[in-house]
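Observations on chain architecture
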Amino acid sequence: MTDTEPAAAVRETADSIATMEVRGAATIASAAAEALAEQAREAASAHADDPPAFRASMRAASRTLRETRPTAVSLPNALRYVLQRMEGDSVEALRRSVVDASEAFVRQLDRAQEDLGRVGANRLADGDTVMTHCHSTDALACIEAAVEQGKSISAVVKETRPRQQGHLTAEQLRDAGVPVTLIVDSAARRYLDEVDHVLVGADSIAADGGVINKIGTSGLAVNARERGVPIMTAAQTIKLHPETLTGHTVEIEMRSESEVIDADAREAIGEVAVENPAFDVTPPRYMDAIVTEQGQFPPESIVTLMRELFGEGAEKPWAEP
Ligand code: RI2
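Conventions we followed
- Each chain has its residues counted from 1, following the order in which its sequence is written.
- It should be noted that, the model being predicted, local features are given only for residues of pLDDT at least 70 and side-chain atom pairs only at 80 or more, the latter also being counted only at that level, while totals for whole chains, interfaces and linings use all residues.
- Each side-chain value is derived from all of the structure's non-hydrogen atoms; neither hydrogens nor water enter the calculation.
- A run of H or I in DSSP counts as a helix once it spans at least four residues, and a run of E counts as a strand once it spans at least two, with each numbered from the N terminus.
- Exposure is judged per residue with a 1.4 Å probe applied to protein chains only, and the accessible area is read against the type maximum: over 50% gives exposed, under 20% gives buried, and values in between give partly exposed.
- Throughout, a residue-residue contact means that at least one pair of heavy atoms, one from each residue, lies within 4.5 Å.
- Any residue with a non-hydrogen atom lying within 4 Å of a molecule or strand is treated as near it.
- Pairing of N or O atoms within 3.5 Å defines a polar contact, subject to two protein rules: one partner must be a possible hydrogen donor and the other a possible acceptor, and residues neighboring in sequence count only if both atoms are side-chain atoms.
- Areas reported here follow the Shrake-Rupley algorithm with a probe of radius 1.4 Å; residue values treat only the protein chains shown as occluding.
- Nonpolar residues are Ala, Val, Leu, Ile, Met, Phe, Trp, Tyr, Cys and Pro. Charged residues are Asp, Glu, Lys and Arg, and all others, Gly as well, are polar.
- Those domain boundaries reflect an automatic or database domain assignment.
- By buried area we mean the combined loss of accessible area, with a 1.4 Å probe, across both parts when two parts are placed together.
- Here a salt bridge means any side-chain nitrogen of Lys or Arg lying within 4 Å of a carboxyl oxygen belonging to Asp or Glu.
- Axes here refer to lines fitted to C-alpha atoms; in helices the fit is confined to the stretch in contact. Angles between the N-to-C directions go from 0 to 180 degrees.
- For classification purposes, angles smaller than 35 degrees are called roughly parallel, those larger than 145 roughly antiparallel, those between 65 and 115 roughly perpendicular, and all remaining angles oblique.
- Helix crossings fall into two classes, left-handed where the near helix is turned counterclockwise from the far one by less than a right angle and right-handed where it is turned clockwise.

1. Focus on the environment of Met306
By the secondary structure assignment, Met306 is in helix H11 (residues 302–310). For Met306, a relative accessible area of 0% gives the class buried. Each C-alpha atom of the pair Met306 and Leu245 lies 8.0 Å from the other, and the pair is 61 residues apart in sequence. If we ignore the near neighbours within four places in the chain, the residues touching Met306 are Ile205, Ala206, Ala207, Leu240, His241, Pro242, Thr244, Leu245 and Gly311.

Now the structure itself:
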């Protein structure tokens, strides 16, 4: 490892996030924090007497992790949490502060998801059927908490093209004892009349209350509103996007066309453009509530919580000074 070359664990984590072996905003955030702890351990032996080199290597590792998926704000928020707590005059003190911050961050995330689950569960009544989109551990925490409260809940699970992460949701709900009906995405409107709630996760939440989540969420939200079905987003506060407080927009990740179409089909169709945006934005007027570990919020009021948690904007502690 040279001054700015990231530790092997950081490169592996970055690769796993980019290829979506590690995915879901909360899981990405934990993995990034843990990779920084590993970086700190390796950098402490590589730069034992050189605090500035240690700090530079932590910033470089953070940049490598940050570049993997642009939309999931939990990733830069995790890096921010750990780097802002990196302090000390010696490399040993710096190492310890990073490892402690990383561990505290992961513990906090776990606790936040449990607290959020209880809040979301309060919105669900015994006998309710919930429609889900994609796979969100925050959304699942709400259903699992409702089941733990003794409520009987059923689910209509959208498969969620192109990567069919709905299959993961179906499996996890089935394991929790929830009866599941799996449907293709285009069947969602037909089944909206049979459900009591739509429940989705989020990759980022903007200051205006816009919810950035897996592609297809916004269409589902518009249809849910038209059918009179309440829709909520389950999102830990780690998903709040502080840069949107100062007018920045959230970049929507475009992924490979190979997730949409295989090589044979591509060849057979011939020369057409294929696009694969991973996320879309649901305007706040189509979302009934954002459920966080700090309670539920109407989307339009989320900016108040954002200012409380992040002040007026976001620092970039991974940038070179
Ligand atoms: P948790 C996923 O994105 C989905 O869009 C999901 O709603 C969101 O992350 C949040 O997931 P991707 O990483 O953090 O699969 O709630 O592209 O688990």
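2. Side note on the site of the ligand
Lining the immediate environment of the ligand, one finds 19 residues, of which Arg23, Ala26, Ser136, Thr137 and Asn213 sit closest. Between Arg23 and the ligand, the recorded distance is 2.5 Å, taken from a side-chain N or O atom to an oxygen atom. Compared with its free state, where it exposes 440 Å², the ligand has 100% of that area covered by protein. Going through the elements one at a time, helix H2 (25–46), helix H6 (137–148) and strand E6 (211–214) are the ones with two or more residues in the shell around the ligand. Partitioning the shell around the ligand into residue classes produces six nonpolar, seven polar and six charged.

3. Let's talk about the domain arrangement of the chain
Size of an interface: often given as the accessible area lost when the parts come together. For the chain, the assigned domains read domain 1 (8–115) and domain 2 (123–310). Centre-to-centre separation of domain 1 and domain 2, based on C-alpha positions: 27 Å. On the side of domain 2, 30 residues touch domain 1, which itself brings 21 residues to the contact. Of all residues in domain 1, Arg23, Thr71 and Gln113 give up the largest surface area on contact with domain 2, accounting jointly for 29% of the area buried on that side. Taken together, the links from domain 1 to domain 2 amount to two salt bridges. In this structure, Glu243 engages Arg80 in a salt bridge whose closest nitrogen and oxygen atoms are separated by 3.4 Å. The interface formed by domain 1 and domain 2 holds 13 residue pairs in polar contact (both at pLDDT 80 or more) in total. At the level of elements, H2, helix H4 (74–84) and helix H5 (91–122) are the ones that each hand at least two residues to the side of domain 1 that touches domain 2. A class-by-class count of the residues in the side of domain 1 that touches domain 2 yields 11 nonpolar, five polar and five charged.

4. Considerations on the packing of helix H1 (residues 8–18) against helix H3 (residues 51–66)
Their axes nearest at 9 Å, the elements H1 and H3 cross at an angle of 15 degrees. Taken together, the axis directions place H1 and H3 in an arrangement best described as roughly parallel. Relative to H3, H1 is oriented so that their crossing is right-handed. Only Ala61, Thr64 and Leu65 of H3 make contact with H1, whose side of the interface consists of Val10, Thr13 and Ala14. When grouped by side-chain class, the residues that make up the contact of H1 with H3 number four nonpolar, two polar and no charged.

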